[in-house]
Structures are given as C-alpha cells and as structure tokens.
Amino acid sequence: MDQSEKAEKGSPRFRYIKLCIFFSGLSVFAQLYLFQPMLPTVADYFKTTAGDSSLLVSSSTIGMAMGLLFFAFKADSYSRKSLMTFSLVSSAVLTIISAWMPSLELLVATGVLKGFVVSGVSAVALAYLTEEVHISVVALAISTYLSGNTIGGMSGRILATIFAGEFGWRNAVLIIGIESLLLGLVFWKLFPESRFFNPQKTDYSLKVKQMRKFLTDSYMLRLYFTAALLMGAFVSVYNYLTFRLEDQPFSLSHFVIAFIFLMYIFGVFGTMITSRLSQRFSRNFILKGSVLFMLLGTLFLLSENIYVLIFGLGLFTLAFFAAHTMASQMTALHAKNGKSSATSIYWLFYYFGSSILGSGTGYILHAFSWNIFIMVLLLSVGTSFVLALKNKDLKVTKIL
C-alpha cells in the first residue's frame, strides 16, 4: 500500500476527513445518550419508575451492541462511506420520529433500532482512518474522532437538559434529531470516498473461529468483563445522577444540572494521561490504578456536599476513561490475529454492560436508596479490580 497516496496533514482530503469524522462522532453520541439527563422528566411524563425510564438509554446501547455484532461479520461487505452515511442519516430520522412516539414502549423499540443502525459508524470509522490517512497523522485523525465522541456525548446531555427544561422533552429530542440530520447530510456531501478499500465477501467460518478462540481465552474474558462492569457503573451514575441532584438535599434546577455534565470532559484528560503513562508503566498497572481511582470517585458520590460530589464525579469520569482506554488497548495488543474480532467482542461486552447494569441499577435505586445504589456500583468496580489483578502486566520499554 503506497503511503504517499494517503491523505496527509494539510491536504484538502485530510481536512475533509478530519472535519467529517469529528461530525460523525458528534452525531452518534449526541443521539445515543440524549435521553440520559431527561430521565426524570420522561419518568414523570409517563408516570413510571427510574428503572423503566432508563430503558430509553439501555435500548440504544443494546441496539448498538447487536449492531456491532452484526457488522463484525458484515461491515467489510459495504462501502465505508455508504455505510456511515446510511447510519448517520437513518439514525437522525429515527431520533426525529421519536419526538412523536405516544408510549414509552414505542420509544424503547425505536431506541433499539436507532442503536443498531448507528453502530455502522463505530464499526468502520477506525478502519477507514487507518486505511485512508497517512501513518504520520493516523493518531491525530483518531484523536479527532474520539474527541467528537466525547464532545457529542457531553453536548447531547447538556443541550437535552437545557432544551427539555425550556421547551419540553419532545422538542428537545426533535431539535437534536434535526441537528444530527444536518450533520449527516454534511457528512454525505463532504466525506471522501475510500481509495484503499473495496467491499469484499465475509469469511464467516474464519470469523466464528476467531471469536470462539477469544471467548475461551481467560485473559481476554477478564478484559471483556472488566469493560462490561466499568461501563455499566459509568452509565448508571450518569443515568441517575439527575434524579439525585433534583432531590433533597441539593434541589438543583435543570439549568445548573446541565452544566454538571461538563465533567464529561475529564474523559479527554483520562485518555491523554494514560497515553503518556503507558510509555513508562505497563498497561495493566495503569488499568489497576485507574480502577482504584474510580472506586475512590464512587465513594465521593455518597457525599451530601455538592462540591465533594462534583469532585468525585470528575475523578470517577477521568478514571473510567483511563481504564477503558487501557482495557481496549490490552485487548487489541493481546490479539495477535483477528484483532477486529477481538475488539468487536470487547465492544459487545462494553455495550451490554451499559444496557444491563445501566437499567438494573435504576430498579435498585427505586426500591432502596442512593446509598444502596452506590454500594452496588462499588461492588461492580471492585470486581473489575479483582479481574485486573489476575491479568499479568505487559512488559514495556521505559522512556527516560
């Protein structure tokens, strides 16, 4: 493959790739989590519990997991740009339609479908970048995509909270759906077609063989369950924190709560810190340290002092993204062959953990209390630490 023909920094092709890949991440994660800060409003509207309303988030993430499993086999059968464009436009249309759904059940069903179609972006985005971008700027392109994911998740939560408070939750969904549709149309017009990839038939027997191998590897299974437990705890906190902050002793307004979701930006710092630390320490050592800090952050969420709670949320968020970065890297590095299959299973566990634990803890919160809810999360994160202890450290060359 001739690197000289790939998109280089400063070229118009690279600028369009970087802009559009950022927009794709922005759109996907704004839609995926837009209901998260509105769960109390939706629960009140449909006269249901926190656990039932959380299905609006879990439905999208479980649809995402199902889609990623499907595209683990079929992604290479489609044009990269066509698949991503279809995913962005169709998911936006489904988000717009959601604004008129008359029942919670139909909203949940639409969420599953939306998560499934939008997974097409996550399934091929990184593959496209490694194929089309010059090796000297692949890291920059991937960072741009991940930044779009983080900012999309954060801005979707903030805008949804503000719009829902000012215009009602249905109009909030409609506005974010229209914004996502516009981003999808811009992507369709500006995103460059692949030059180094052609659709190909899937070797199903090879894929199944690779997946069976990883699912019987104890090292990989520990990483997969770590991803599921940590993501489940992370989504649980952001699902139900709004309920906590609207209630006594905080009684915060929707406008103030919206800006607490700015703590999500600490995820960017978590990723940046781990990339530097991994030059000096083994990845599993960093993973264990990150999970310990996540435990500490979870403990701070028990506080009734708003400043202590916000500090705990920041630490919890930073530590989660650091742990997730390390676990995903360890998954890819351990897989000598079939890296795409190994990472597909990782994402499958990641989103199933988000869906199952993210909704299950809502029922625990409704039945018991915030303190019991936090204790369950401590158990989840603590189990992840035990799993990390059992995996051997990977050797690294220290950079002095």
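All of the points below concern the structure found in this document. Note that this is a predicted model, so its numbers are computed, not measured.

Remarks on the packing of helix α10 (residues 218-246) against helix α13 (residues 283-300)
- Close contact between α10 and α13 brings their axes to 12 Å; oriented N to C, the two are set at 25°. Overall, the two elements α10 and α13 adopt an arrangement that is roughly parallel. Relative to α13, α10 is oriented so that their crossing is left-handed. Of α13, the residues touching α10 (which contributes L223, L230, A233 and F234) are L287, V291 and M294.
- Among the residues making up the contact of α10 with α13, the classes are represented as seven nonpolar, no polar and no charged.

A short note on the nonpolar core
- F35, M38, W169, F234, L287 and Y351 are the most contacted members of the largest nonpolar core, which has 116 residues in total.
- Per-element tally for this core: the top contributor is α10, with 16 residues.
- Of the residues that make up this core, three or more belong to each of domain 1 (1-198) and domain 2 (203-393).
- Contact partners of L287, with chain neighbours within four places excluded, come to L223, A323, M326, A327, M330 and A388.

A short note on the pattern of salt bridges
- All chains considered together, the criterion is met by three salt bridges.
- Put simply, E132 and R13 hold a salt bridge, and the shortest N to O gap is 2.8 Å. One end of the pair, E132, is in helix α6 (residues 104-132); the other, R13, is in helix α1 (residues 12-32), with 119 residues separating them in the sequence. Comparing E132 with R13, the two get one shared label, buried.
- Here D76 ties to R80 by a salt bridge, and the two come within 3.0 Å at their closest N and O atoms.
- With a relative accessible area of 30%, D76 lands in the partly exposed category.

Thresholds applied
Residues numbered from 1 in each chain as written. Predicted model: local features only at pLDDT ≥ 70, side-chain atom pairs only at ≥ 80, totals over all residues. Heavy atoms only, no water. Axes fitted to C-alpha atoms, helices over the stretch in contact; angles between N-to-C directions. Helix = DSSP H or I, 4+ residues; strand = E, 2+ residues; numbered from the N terminus. Parallel < 35°, antiparallel > 145°, perpendicular 65-115°, else oblique. Left-handed = near helix turned anticlockwise from the far one by under 90°. Contact = heavy atoms within 4.5 Å. Nonpolar A, V, L, I, M, F, W, Y, C, P; charged D, E, K, R; others polar. Core = buried A, V, L, I, M, F, W, Y, C linked by side-chain atoms within 4.5 Å. Buried < 20%, exposed > 50% of the residue type's maximum accessible area, 1.4 Å probe, protein only. Domains from an automatic or database assignment. Salt bridge = Lys/Arg side-chain N within 4 Å of Asp/Glu carboxyl O.

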